[in-house]
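Chain residues, written in single-letter form:
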Amino acid sequence: MINSSQREFYVIIERDEDGYYVGEVPQLKAYYSQGETIDELMQNIKEVVELCLEETSDEIKEKPNFLISG
C-alpha cells in the first residue's frame, strides 16, 4: 500500500444548500466526500484518499509488465 501520509492532496471545500461541507480532491478523479463540520469532512476525505490509493496500488500489482521491443 502507498503511504498517503507522505503525499499531499489539495481539497476544494464548498458548503451546500443544506449546510454540509462538500470536499473534492482534484488530483483524484471523481473523489468527493461530505461532512457536517470541516473536521468531519477532512476525516472522510482522508479515508477516501486512502481507499483510492489502496485500490490504485492493487491495480498496479495486478497489471502485468510488458516489454515491447521492435
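In this text the structure is predicted, and so the values were computed from the model without any measurement.

How each quantity is defined
- In this numbering scheme, every chain counts its residues from 1 along its sequence in written order.
- For this predicted model, a pLDDT threshold of at least 70 governs which residues receive local features, and a threshold of 80 or more governs which side-chain atom pairs are given and counted, while totals over whole chains, interfaces and linings are taken from all residues.
- Computation of side-chain values covers all heavy atoms of the structure but excludes hydrogens and water.
- Going along the chain from the N terminus, every DSSP run of H or I of four or more residues is numbered as a helix, and every run of E of two or more is numbered as a strand.
- Think of it in three bands: with a 1.4 Å probe and only protein chains considered, a residue is buried below 20% of the maximum accessible area for its type, exposed above 50%, and partly exposed in between.
- Pairs of residues are marked as contacts when any of their non-hydrogen atoms sit within 4.5 Å.
- Each pair of strands is called paired provided DSSP finds at least two bridges between the two strands.
- Note on method: axes are straight lines fitted to C-alpha atoms, helices fitted across the in-contact stretch only, with angles between N-to-C directions ranging 0 to 180 degrees.
- Patches draw on residues past 30% relative accessible area with no salt bridge. Two like charges within 9 Å are joined, as are two nonpolar side chains (Val, Leu, Ile, Met, Phe, Trp, Tyr) within 5 Å.
- Here the Shrake-Rupley method, with its probe set to 1.4 Å, supplies the accessible areas, and only the displayed protein chains count as covering residues.
- Take a side-chain nitrogen of Lys or Arg and a carboxyl oxygen of Asp or Glu: if they are within 4 Å of each other, that pair is a salt bridge.

Asks: Explain the overall build of the protein chain here, please?
Replies: Within the protein chain, the secondary structure is distributed over one helix and three strands. For the protein chain, the sequential pattern of α-helices and β-strands runs β-β-β-α. Burial statistics for the protein chain: of 70 residues in total, 20% are counted as buried. Sequence separation of 24 or more characterises 24% of the internal contacts of the protein chain that already satisfy a separation of 6 or more.

Asks: It is not clear to me how the sheet that holds strand β2 (residues 21-24) should be interpreted in this structure. Could you clarify?
Replies: Working definition: the strands of a sheet are paired by backbone hydrogen bonds and lie parallel or antiparallel to each other. The three strands lie next to each other as β1-β2-β3, forming an open sheet whose pairing is antiparallel. Each end of this open sheet is capped by a strand with a single partner; those strands are β1 (12-15) and β3 (32-35). Sheet twist, expressed as the average angle between the axes of neighbouring strands with direction ignored, equals 25 degrees. With four bridges joining them, β1 and β2 adopt antiparallel strand pairing. Following the sheet pairing, arginine 15 is matched in β2 by tyrosine 21.

Asks: I tried to follow the environment of glycine 23 on my own but got confused; where do I start?
Replies: Within the fold, glycine 23 resides in strand β2. Considering only alpha carbons, one finds glycine 23 and valine 11, 12 residues apart in sequence, at a separation of 6.0 Å. Once you skip the residues sitting within four places of it in the chain, glycine 23 turns out to touch Val11, Ile12, Ile13, Tyr31, Tyr32, Ser33, Leu41 and Ile45.

Asks: Teacher, can you tell me more about a nonpolar patch on the surface here?
Replies: A contiguous nonpolar patch, built from Ile13, Ile38 and Met42 and spanning about 230 Å² of accessible area, is present on the exposed surface. Among the secondary structure elements, methionine 42 is positioned in helix α1 (residues 38-62). Overall, methionine 42 belongs to the partly exposed group, its relative accessible area being 34%.

Function cannot be inferred from these measures alone, as they are strictly geometric.
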